[in-house]
Amino acid sequence: HYFIQSNLRMKEVFSISSKTNGNSPVHLSWQSKQGSYLAVGGIHRTVNIYDRHGELVDDISLPGSCTGLKWDAEGNTLAIIQDKSGVIYMWDANTRTQRPLDSGLRDSLSFVCWSSYGPLLAIGTMKGNLLIYNHATGRKVPVLGKHSKRIICGAWNSQNVLALGSEDRVLTCSSVEGDTIKSANLRYDPELAVFSEMKSNVAATTTRAPGTSNDNTVSFVVGRKTLFLFNLDDPENPIELAFQGRYGNIVGYHWFGDGYILIGFTNGFLIVISTHPKEIGQELFQSKTHRDVLNDISISFTLSKAASIGDNCVKLYDLKDLQDTYAIINLEVESGSLHKLEWSSDGQLLSVATTKGDVFTYLTRLPVLGDTCRTSCAYLTSLLEVTVVDLTSPEKALTFAVVTEPVFIALGLHHFAVGMNNRAWIYSLTEGSKSSDPLMEREYLGTVTEMYMNADYAAVMFEKKVQLHLIEGDSDSDRDSRLFPDKETDIDDDIKCAALTHDFLIFGTQRGNIHYFFIEDWKFVNEYRHSCTIASMYPDHSGTKLVFVDEKMDGYMYNPVNDELYKLPELPAKVSGIIWDSSGPDSHVFVAFNEEIVVTYSAHRDIVTGEQVQCVGETKVPYGYKPVAMHGGDLKCQTQSGKLVNLALTSHAYFNNLNDLTPEEIYVYLAQLVDAFHNACCLKRYTEAWKLAELLNNTEHWLHLGKTLLNHLEVQLAMRVYRRIGDAAIVLSLQALQHIEDRKLLAGHMALLCDQFDFSQQLFLESSKPLKALEMRRDLLQWNQALQLARSLAPEQIPFVSKEYAQQLEFTGDWSNALMHYEKGLTKTNEDHDAACKGGIARMSIRMGDIRRGVNLALELANKTLCKECATILEAIKQFPEAAMLYEKANSFDKAAQVYMKARNWGKVAEILPHITSPKIYIQYAKNREHEGKYKEAASAYEAGKDFDSVIRINLDHLRNPKEAVRIVQETQSVDGARVVAKFFQNLGDYASAIQFLVVSKCNAEAFTLAEEHNQMAQYAEIIGDDATTEDYVAIAKHYESQGKPLQCGTFYFKAGDYSKALHYLIRVPPNDVNAALDIAIEAVGKAHKDSLTHQLIDYLMGEIDGVPKAARYLFNLYMSLKQYREAARTAIIIAKEDQASGSYRTAHDVLFEMYQNLLKQNIKIPNEMVHNLMLLHSYILVKVHVKRGDHLTAARMLIRVANNISKFPSHIVQILTSTVIECYKSGLRGSAFSYAAMLLRPEYRSQIDVKYKKKIEQIVRKPDKQEEEEPSDPCPHCGSLLPQTTLECGECKNTLPYCIATGRHMLKEDWTECPHCTWPALYSVFSDFVSSGDTPCPICNVVIDPASVALVKNPNLFAKLGDSSGGEV
C-alpha cells in the first residue's frame, strides 16, 4: 500500500495579479477539450486569454464589465457578455481573432450558455428576454418576455432543451425555437442550473460527465438552501431537498457517477447524496473538510477527482474515496477570501480565483512522459522541464528547460529529444545542465507518434512508417537516413510499432512480421512471421531478446537467434508496457504492467526445459503511478506530480532486510519468506535465496535451491548447497564436473543429475564427448537405446553392451533374448568377457532345455560360481543328478548332499559326508541309516547333527550303551535326554542316578518323590544344590522335619527363605551339630533383619536357652552379619584376647585385622585398644618373617616391642623373652640382651628356660656387656622431629604414627607406599624389595602381591589405618 500524498507535489504554474483583473471577483473559464487557453474577465472591461504557461495570448476590450464567458463544446469559440450593451464578443481560438455579435436585444446581458451537443448559444438579459443563436448558421431566435425578470442561470441537455431560471422564481424549459415546453414555480431565486440523469437501478461502471446519456432532470439551487430536481418526464412531481441548517448555504454542487451529487456548503461541509428513488434524501457521505468556510467546489471527470476551496487552501479528493484528502494547497499570500475554482478539461491544471481578482494556476497532473536508455531515464518534471537521471547515481540528475510542452520524449546514450506534432527538438547530454538550448530541431513528414534513440541514430515513427537517421556527425549519403518501408525492400506493409537498440532497428507490421535491421551492415538480418498484427514491442538492452504484444493482447518473448517463441504467462489485461531490468546480473528480468498491476517475469535458459519465461509475482500499482525504468529489481515509477519514486515489487520483497529479521518475525512472516525464497530462485538471486534458505532451515528448500542451481549450471554454488544438506554423493559428482569447460557436456551432466535423461543424451551428443550418452544409457540399463548409440558411436562396444543387456534380460526372465545377446557378446579376444558370456550361454541353454550344452559349458569353464548357478537352475527343473554333480564341482557339498538325497543316492551322500556342515543333512542321513538298521552310523550322524536326544535314544534302545548316553547327557545337559536316561536307571534300580538325571531334566517333583520313596533325600538335596526353587527347599525341609533332623530341616528352611523356622530348628540341634547349625543360624538372622530372631539367637549364644554358653566367635560373627560393627569390634577384641592368651597369635591377628578393615569401610573410629593389640600381634608375626629373611636386627627390634608388652602374651612369656635375648645378642644389642636375660633368671621363669639356651643366658648375665648402639632416628611424618625408627608415638606433636607393615618402623612421608590389596602403608624402599620375588604375601593381609603394582605415593594420608580414610596421589 502506498500513500500518494507523500509523493504529490502541487506546483504553481503561473499566477495573474489582481492589478490586471481589477481588484474584484473575476469570471474564468478553461478552453473545452483542448484546455490550451484560460479566459479571465472582470470589472476592468477586458478579457485576457492566457496559454497553459501563463503567457498572455490575447486581450479583448469590452465596453463594460464582463458578466459572463463560456467556451463552446469543441473549445473553438469563446462567447463573452458584458453589462453595457447587447453585443456578444466571439473569440476564435484557432485564428486568435475576435468578432462582435449583436444580439438585437436592447437591455444588458446577464446570462450566456453553449449547448454541449451543438453550435447553439443561449443569451439572457436583465429583463428576462432570451436569444438563441446558431453559431454554425448564424440564425438568431429572439424570445422576448421569456421571463419577467433577470435570467440568472440555465443549462442545455442532450436533446437541446434549454432550462432557465430567473429572478421571477419561474423555471422554464424551452425548445431550440424558444417555445416553452415545461415550467414550474419556485419559492426562491434559482442558481446553478445543471442537466443530468437521475440514478437508476443499473449500477454505473465508469465515472462520467453529466449530459452524456438521457439527462432528463434539471437541478437548481433554490434560495441557496435547497436543491430542486425537476424531471421533464414527470413535471408534476418535482423534488426539493433541504439540508441541515448547520451546513450553511450551498456554494456549489456537481453531478457525478450514476446519479450521485456532490454538494458543498459555506460552513465547510461536503456531502454526497443519491437520486435513486429508494435513497433520495439520504446522505451517503458527509464530512467537514474546511474548518471555517468553504467557497467553491469543482470536479475533474478526467482525473476522477474533486477539489474544494476555503480557509485559504485548496483540497483535492478522490471521488472513489472522499474520506482521503490526498493533496492540499495552502495559499499564504494576502489575497482575501477564495472565490472560484476552474479545472482544465484534461485535469492537469487547476485555477483558483480570489475575491480580489488574483488567479493562481496549479499543476495537478503532469503528463507522464519518459524514456530510458540503459541505466538512464529522462522524464517530464514540469510542463516545460525534462530531468535526466542515472539510476545508479540518482543524485546527479540533469534538468533541462525545453521549448515546448512535449507530447513525446526520447532518450539516447548522448542525447534526448522532446517533440509534438511533426517536430522534435534534440538536446545534448554532454553539455550538462549549463545549456538548455536544443542542439537541433527537426521536422518530419507526418505527426510523430513515437521516437527512439541510441548513441548515434534516432528512429521516428509517423504515419505507419519509420525513419532512421543520424542524430549528428558527419553526413554519409548511404547511412545518413532511411525510411521504412522503402523501394529498396519488398516490405509492403504498414508499420505498427518499432524499437531501437544499440545494434538493431526492429519494427513490427500490420501483417504480423517482425524485421531486424542491422545498423552496422545497413541491412536486414532477420525476419519472423507472427500470426497477427504486432501491437507493441520491447527488446532487451542487447536486442537478443524481444517481448512483443499482438493485437489479441497476447504477449510473447522472441529469440531472434533461433526463432524460438515463448508465450508470456499471466499477462495483465490491456498491457501498457514492458520494462527490462537495466542491471547486468538482472538483465533476464522484465516487468509487464497496466494501470492496475505490474507482473514480474524471469526469462532464462533452463537446461531441462530450455529457454523459458516464468511469472514471478504480481504487484499492485498505486493510482497515478506509471513504471518507467527498472534497475537491480527497483522499479522506478513516474507520478503525475513529475517525480520518480520506487515501487517495491512483491517479487523482490524481503530481499533487502534479511539480516534484520528476528526469530519471531520469521515465524510470523513464514509464508511470505517461503514465497520470497521461490522468487529468489526464479530471479537467479542466489545470495538472497541462500540467506532465505538459512532462515527457513528446511531441507526441502535447500533441495529446491540445489536443483535450481543445477538447472542453471551453477556448479560451485550447487556444491555448497549439497554440502550444506550433507548429500555427499552429489557433492562428489559435482567436484568431478566443476572443471568441465564444454557447456553442452556440463549441461548434459546436470540434466542427468536432474533425471532428464533424454535431454541429457541430446546434450551429450552435441558436446565434445558424445560417448557420455552411451555411458549414461548403460548406467541406466536402457539397453535398446544403448545399442543404437553403440552402433553409431562405438561399434566396438556392441559386445559389451550386448552382454550387459543379456544380464538384464536374464534377470527379467527373457531367456531366449538373453541367450541371443550373450552369443552376440562373444569377442574371441577378451577372455574374461567371453567367459562371462559363455557362463550366460550355459545358464540360458539349461533354461531353454539344452541341458547337455549348458552342463558341458559349465564343466568346461570350471567356474565354481557358474557351476553353482547352473546347479540351482537344474535343481529347480528337477534334474537332480546333474544338479548334484555341479554342486559338488562347486564345492557346495551341503547342497550336493541335499540333491543326492532327493535322488536317493545315499552312497554319494556318504562319500561327501566329511565335507557336510549342515546339521539338518546329518540328521536326515542319520534317519536313513537308522531306518536301514545301521545304528552306529546313525548315532554318529545324529551326534554330528547335534541331535543328542536321538543319540541317547539309540545308545540306550539299540546299542545298549548307557555309559555313552550318560556322557552325552552330562556334556550337553539335554533335558529330554536326561529324562530318558533317568527312566533307564530307574528301571535298573539305580535310584541315585535316576534322581540325578530327573533333576537335569527339570523333573524335580518326580525326583523328590523318588528320593522320598527310596530314602535318597540327601542325594536329591545335594543334586539340586543352590539352583532349586523355594518349593523344592520347603519340601525337603518338611521331609527332614518329619524325620526329626533339625539341622537338615533348619538348613533347607534357610535356603527357602523362611528364617524364623530355620532358626527354630537350628537352635535345637544335638551338641555335635551345634557348630554347623550356628553358622547357618547367624547367616539366617543376618538376612532376616528381625529383632526378635536376633534376641532369640543371642539368648541361645549366651546359654540362656540350653544353659550352655557358646564361643565368643559366634557372637562376633552374628554382629558382623548384622553389620553392628561397634559391637563386633568389642567382641573381636575379647576373642583376640582369648586367642592371644591361649597363644593363637595368628588367629587373634586375623580377627583383629578383619574387624579393623570392616570398621574402616564403615568409617567407624577404631578403638585404641584394637589398634594397639593389632600392632603388637603384627610386630610378633614380623619376627618370624625377618628371622627367615636373616634380618635379625629388625626381628630383635620387634621382639623388644613385644617383650615390653609381655603381659599380653601370657602363654609364651619365657619363650618370647628367650627369643628376645638370643636375637638381641645376635644383632649386637647386648644391653637389651642383658636386660631381658636378667628378667628370665627370675625365680618364676628360670625353671621354664629351655635347657639348650639356659647356660648361654646365664653367661650373658654373669658377664654383662651393656654396650649397644643407639637406634637410628627418622623424621616424624607429621612434624619432622627425629625419633627412633620403631617408636610409634611422637613426643613433639603427640601423634600416633602409622607403621610399616613390612618392618614395623614408623612411616616416612617421602618413602610411602601401600599394599595394592589392603592399602596398608609400608616403606616403599623396603616393601618393593620385600615382594620382589613375586610369590611373597603381604605381611598383614597375607595376599600375594604383584611387584609391578607397588608404587610410590605422593602426598599420603598420614592418618591412614588410624581411623581415617586412606589414600594419596600415586
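Since we're looking at a predicted model, the values are computed, not measured. (Residues numbered from 1 in each chain as written. Predicted model: local features only at pLDDT ≥ 70, side-chain atom pairs only at ≥ 80, totals over all residues. Heavy atoms only, no water.)

### Focus on the sheet that holds strand β10 (residues 109-114)
Strand pairing in a sheet relies on backbone hydrogen bonds, with the paired strands running either antiparallel or parallel.
Turning to step 1, where the next piece is worked out: Across the sheet, four strands lie side by side as β10-β11-β12-β13; this open sheet has antiparallel pairing. The outermost strands of the open sheet, each flanked by one partner alone, are β10 and β13 (140-143). The average angle at which neighbouring strand axes cross in this sheet is 15°, direction not considered. (Pairing = 2+ DSSP bridges. Helix = DSSP H or I, 4+ residues; strand = E, 2+ residues; numbered from the N terminus. Axes fitted to C-alpha atoms, helices over the stretch in contact; angles between N-to-C directions.)

### Side note on the packing of aromatic side chains
Given two aromatic rings, one states the distance between the centres and the angle between the planes to describe the pair.
Turning to step 1, where the next piece is worked out: The tally for this structure, following the rule as stated, stands at 32 aromatic pairs.
Turning to step 2, where the next piece is worked out: Ring centres of Tyr 444 and Phe 462 lie 6.3 Å apart, and the angle between their planes is 35°; this geometry places the pair in the tilted category. Of this pair, Tyr 444 sits in the loop between β40 (440-443) and β41 (448-453) while Phe 462 is found in strand β42 (residues 457-462), placing the two residues 18 residues apart along the sequence. Here the two residues Tyr 444 and Phe 462 agree in accessibility, since each one is buried.
Turning to step 3, where the next piece is worked out: One Lys or Arg, Arg 1230, reaches over the ring of Tyr 1225 and ends 4.2 Å from the middle of that ring. (Phe/Tyr/Trp six-rings, centres within 6.5 Å; stacked < 30°, edge-to-face > 60°. Buried < 20%, exposed > 50% of the residue type's maximum accessible area, 1.4 Å probe, protein only. Lys NZ or Arg CZ within 6 Å of the ring centre and 35° of its normal.)

### Quick notes on helix α13 (residues 815-824)
Turning to step 1, where the next piece is worked out: For α13, every residue scored as buried is listed here: Ala 818, Leu 819, His 821 and Tyr 822.
Turning to step 2, where the next piece is worked out: At its buried positions, α13 is contacted by α11 (783-793), α12 (798-812) and α14 (831-847). (Contact = heavy atoms within 4.5 Å.)

### Details of unusual backbone geometry
Turning to step 1, where the next piece is worked out: Residue Phe 484 is joined to Pro 485 through a cis peptide bond whose omega torsion reads -10°.
Turning to step 2, where the next piece is worked out: Topologically, Pro 485 is positioned in the loop between β44 (481-484) and β45 (495-500).
Turning to step 3, where the next piece is worked out: Phi at Leu 713 is positive, roughly 60°, even though this residue is not glycine.
Turning to step 4, where the next piece is worked out: Note that Leu 713 resides in the loop between α5 (699-711) and α6 (715-725).

### A short note on the packing of helix α39 (residues 1230-1240) against helix α41 (residues 1251-1262)
Turning to step 1, where the next piece is worked out: Packing of α39 against α41 leaves a shortest axis separation of 9 Å and a crossing angle of 115°. In the packing of α39 onto α41, the handedness of the crossing is left-handed. Where α39 approaches α41, its residues Ala 1233, Phe 1234, Ala 1237, Ala 1238 and Leu 1240 are matched on the opposing element by Ile 1257, Ile 1260 and Val 1261.
Turning to step 2, where the next piece is worked out: Considering only residue class, the contact of α39 with α41 consists of eight nonpolar, no polar and no charged. (Left-handed = near helix turned anticlockwise from the far one by under 90°. Nonpolar A, V, L, I, M, F, W, Y, C, P; charged D, E, K, R; others polar.)

### Notes on the confidence of the model for the chain
Turning to step 1, where the next piece is worked out: Taken residue by residue, the chain gives an average pLDDT of 83. The fraction at 70 or more is 88%.
Turning to step 2, where the next piece is worked out: Within the chain, strand β15 (residues 162-166) carries the highest mean pLDDT (96), whereas helix α25 (residues 991-1000) carries the lowest (62).
Turning to step 3, where the next piece is worked out: Under a pLDDT of 50 for its full length, residues 202-212 has, in the predicted model, 22 contacts with residues more than four places off or in other chains. (pLDDT = per-residue confidence, 0-100.)

### What to know about the pattern of salt bridges
Pairing between side chains becomes possible if they bear opposite charge and their charged atoms approach one another.
Turning to step 1, where the next piece is worked out: Scanning the entire structure with this criterion turns up 28 salt bridges.
Turning to step 2, where the next piece is worked out: Residue Arg 1230 is joined to Asp 1265 by a salt bridge in which the shortest nitrogen-to-oxygen separation is 3.6 Å. Here Arg 1230 is found in helix α39, whereas its partner Asp 1265 is found in the loop between α41 and β60 (1273-1275), with 35 residues between them in sequence.
Turning to step 3, where the next piece is worked out: Since its relative accessible area comes to 32%, Asp 1265 is described here as partly exposed.
Turning to step 4, where the next piece is worked out: Put simply, Arg 52, Asp 346 and Glu 405 are held in one network by salt bridges that share partners. (Salt bridge = Lys/Arg side-chain N within 4 Å of Asp/Glu carboxyl O.)

### Thoughts on the sheet that holds strand β17 (residues 180-185)
Turning to step 1, where the next piece is worked out: A sheet is described by the order of its strands in space; here four strands give the open sequence β14-β15-β16-β17, paired in antiparallel fashion. At either end of the open sheet lies a strand with only one pairing partner, and these are β14 (151-156) and β17. Looking at each pair of strands side by side, their axes are set apart by 15° on average, direction ignored.
Turning to step 2, where the next piece is worked out: In the sheet, strand β16 (residues 170-174) pairs with β17 via five bridges, with the strands oriented antiparallel. Looking across to β17, one finds that Ser 174 is bridged to Thr 180.

### Overview of the nonpolar core
Turning to step 1, where the next piece is worked out: Counting residues in hydrophobic clusters, the biggest one holds 65 residues, and the most contacted among them are Met 1170, Trp 1320 and Phe 1327.
Turning to step 2, where the next piece is worked out: For this core, the element with the highest residue contribution is helix α35 (residues 1145-1161), accounting for eight residues.
Turning to step 3, where the next piece is worked out: Judged by nonpolar contacts, the second largest core, of 58 residues, contains Ala 794, Tyr 822, Cys 867 and Ile 912. (Core = buried A, V, L, I, M, F, W, Y, C linked by side-chain atoms within 4.5 Å.)

### Thoughts on the environment of Val 448
Turning to step 1, where the next piece is worked out: As for its position among the elements, Val 448 is in strand β41.
Turning to step 2, where the next piece is worked out: For Val 448, a relative accessible area of 6% puts it in the buried group.
Turning to step 3, where the next piece is worked out: When the C-alpha atoms of Val 448 and Ala 424 are compared, they prove to be 8.5 Å apart, with 24 residues separating the residues in sequence.
Turning to step 4, where the next piece is worked out: Look past the residues within four positions of Val 448 in its chain and what remains in contact with it is Phe 408, Asn 421, Asn 422, Val 460, Met 461 and Phe 462.

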